[in-house]
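Geometric and topological summary
Residues per chain are reported as follows:
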There are 2 protein chains.
Amino acid sequence: MTDRLERQLDFIRELDRLKTVQRQTWLMDTSRKENSAEHSWHIAVMAMVLGEYAPDGGVDVNRVIQMLLVHDVVEIDAGDTFCYDKTAVNGQHTREQAAARRLFGLLPEDIGRRFKALWDEFEARQTPEARLANALDRLQPILNNYHTGGKSWQDNGISRDQVLARNRVMAQGAPTLWAYIEKLLDRAVDKGILTRSAS
Amino acid sequence: MTDRLERQLDFIRELDRLKTVQRQTWLMDTSRKENSAEHSWHIAVMAMVLGEYAPDGGVDVNRVIQMLLVHDVVEIDAGDTFCYDKTAVNGQHTREQAAARRLFGLLPEDIGRRFKALWDEFEARQTPEARLANALDRLQPILNNYHTGGKSWQDNGISRDQVLARNRVMAQGAPTLWAYIEKLLDRAVDKGILTRSAS
């Protein structure tokens, strides 16, 4: 076996651990919380279905998919940071940078650079592709929350105002989908599964 | 909400169920068996890492990725069929065709056709992209089996001869990776975690 193949397979072996990183989102059947590997799959397929909602229709969907496939790999070392947890969000950047160095550093240099560039692009949210990718990353947990009767919102005492503030960036990446989410959150408040404001 | 968006979101909601379809493969930490959603994520990232091992280097990696993202969606209705279970393999084709009709039929017609074409291409194994995709789909469970001390091979009484016979198609899609797997299976036999032949 060449050294190159060995490094590629070491990384692939390490990837398995993302299946054990638990998120705050519940599966729609409420049997358990979701993990970051299956979440990444879900939103990558969503990019194949919803790519047309990028503004001006002008995105390279394949780059969006690749970005979504790698966007959570750093969580293998850094863990999932619940976006409404202000304390955890504090150290997140430093933790994830160290994770990216170690994890992408397992790969042959050319591939590691490619993965790091995709992750950086996702995090920077400057390109239409990164904006759409970020919008889908936020859309999916909101849908799962809505369809489980607001389970994770209630577990964590999250209000509609917090969901709106946290996810408004979706408007940049996919304005039609954001308009849909604003209405969905109103419906969630009407149904009594989401409070209007922090109490 | 337009009828088109509604159909797209219905499909996306349905996708969540793939996270509860259990495979025979164990996670590398042996904490539980893997599900088909996280498996699909794992092999899609593997395509990004191992795309160069297609013969003549001539594949469209993005089509490989898209194929892998959708290749197991039919299991939402049809369940995972353990490849060494001859009885289950019998009805698999009919079950999966019906599942494809229902599931891809939820989507707007243009997207449903696109998904169905990717799945058909994967199943037919005629293009270099489909051959590489199939090779990766087989490589990952073998790696997980090896790194868990042969857990699923032993659970199901599978021998090296059976693994070789079942997975030899890998040689078409990724000959270098198949050569590596042949050696890995010899090592598994030497370590006593895989029997040589069916007893």
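So, how was this worked out
- Residues numbered from 1 in each chain as written.
- Chains lettered and ligands numbered in written order.
- Predicted model: local features only at pLDDT ≥ 70, side-chain atom pairs only at ≥ 80, totals over all residues.
- Heavy atoms only, no water.
- Contact = heavy atoms within 4.5 Å.
- Buried area = accessible area lost by both parts, 1.4 Å probe.
- Salt bridge = Lys/Arg side-chain N within 4 Å of Asp/Glu carboxyl O.
- Polar contact = N/O pair within 3.5 Å; in protein donor to acceptor, adjacent residues only side chain to side chain.
- Helix = DSSP H or I, 4+ residues; strand = E, 2+ residues; numbered from the N terminus.
- Nonpolar A, V, L, I, M, F, W, Y, C, P; charged D, E, K, R; others polar.
- Least-squares fit on C-alpha atoms with pLDDT ≥ 70 in both.
- Pairing = 2+ DSSP bridges.
- Axes fitted to C-alpha atoms, helices over the stretch in contact; angles between N-to-C directions.
- Parallel < 35°, antiparallel > 145°, perpendicular 65-115°, else oblique.
- Left-handed = near helix turned anticlockwise from the far one by under 90°.
- Buried < 20%, exposed > 50% of the residue type's maximum accessible area, 1.4 Å probe, protein only.
- Arc of directions from axis to C-beta.

Between chain A and chain B, the contact holds 50 residues from the first and 50 residues from the second. Across the interface of chain A and chain B, roughly 4,400 Å² is buried in total on both sides, 68% from carbon and sulfur atoms. Together, Lys-19, Trp-41 and Met-48 of chain A form the three largest contributors to the area buried by chain A at its contact with chain B, with a combined 19%. Between chain A and chain B we count 4 salt bridges in total. Between the two partners, chain A and chain B, sit 30 residue pairs in polar contact (both at pLDDT 80 or more). Those elements that place two or more of their residues in the side of chain A that touches chain B are α1 (3–15), β2 (33–35), α2 (36–50), α3 (61–70), α6 (109–124), α7 (128–147) and α11 (175–190) of chain A. The element contributing the most residues to the side of chain A that touches chain B is α2 of chain A, with 11 residues. Residue composition of the side of chain A that touches chain B, by class: 29 nonpolar, 11 polar and 10 charged.

What follows deals with the pattern of salt bridges. Residues and elements named next belong to chain A. Under the definition given, this model contains 30 salt bridges over all chains. When the shortest N-O distance is used, the salt bridge between Lys-116 and Asp-120 registers 2.9 Å. Highlighted residues: Lys-116 and Asp-120, both in helix α6, separated by 4 residues, approximately one helical turn. The structure contains a network of salt bridges with shared partners spanning Glu-14, Arg-17, Asp-77 and Arg-102.

The next thing to look at is the relation of the copies chain A and chain B. The two copies are related by a screw motion: chain A maps onto chain B through a turn of 180 degrees and a shift of 0.0 Å along the axis, at an RMSD of 0.0 Å. Here the two chains are linked by the operation of a two-fold rotation axis. In this assembly, 100% of the residues forming the interface of chain A have copies in chain B that are likewise at the interface, indicating an isologous arrangement.

Our focus in this paragraph is the pairing of strand β1 (residues 22–26) of chain B. All names here are of chain B. Pairing geometry for β1 and strand β2 (residues 33–35), over 2 bridges, is antiparallel. Bridge assignment links Gln-22 to a residue of β2, and that residue is Asn-35. Counting the residues between successive antiparallel strands, the hairpin from β1 to β2 contains 6 residues, one of them, Thr-30, with a positive phi of roughly 55 degrees.

With that out of the way, let us pick up the packing of helix α5 (residues 86–104) of chain A against α6 of chain A. Residue and element names in this part refer to chain A. α6 packs onto α5 with a crossing angle of 155 degrees between their chain directions and a minimal axis gap of 9 Å. By the angle between their axes, α5 is roughly antiparallel relative to α6. In this structure, α5 crosses over α6, and the sense of that crossing is right-handed. Contacts between α5 and α6 involve Glu-96, Gln-97, Ala-100 and Phe-104 from the first element and Gly-112, Phe-115, Lys-116, Trp-119 and Glu-123 from the second. When its residues are assigned to classes, the contact of α5 with α6 shows 4 nonpolar, 2 polar and 3 charged.

Right, let's get into unusual backbone geometry. A positive phi angle is found at Thr-30 of chain A, which is not glycine, with a value near 55 degrees. Positionally, Thr-30 of chain A belongs in the loop between β1 (22–26) and β2.

Turning next to helix α9 (residues 160–167) of chain A. For α9 of chain A, the complete set of buried residues consists of Arg-160, Val-163, Leu-164 and Asn-167 of chain A. Each buried residue of α9 of chain A lies within a common arc of 100 degrees when the element is viewed along its axis, so the set occupies one face.

What follows deals with the environment of Pro-141 of chain A. All names here are of chain A. Within the fold, Pro-141 resides in helix α7. Looking at Pro-141, the relative accessible area reads 15%, which means it is buried. Taking C-alpha positions, Pro-141 is 8.3 Å from Trp-26, a pair spaced 115 residues apart along the chain. Among all residues touching Pro-141, those that are not within four sequence positions of it are Arg-23 and Thr-25.

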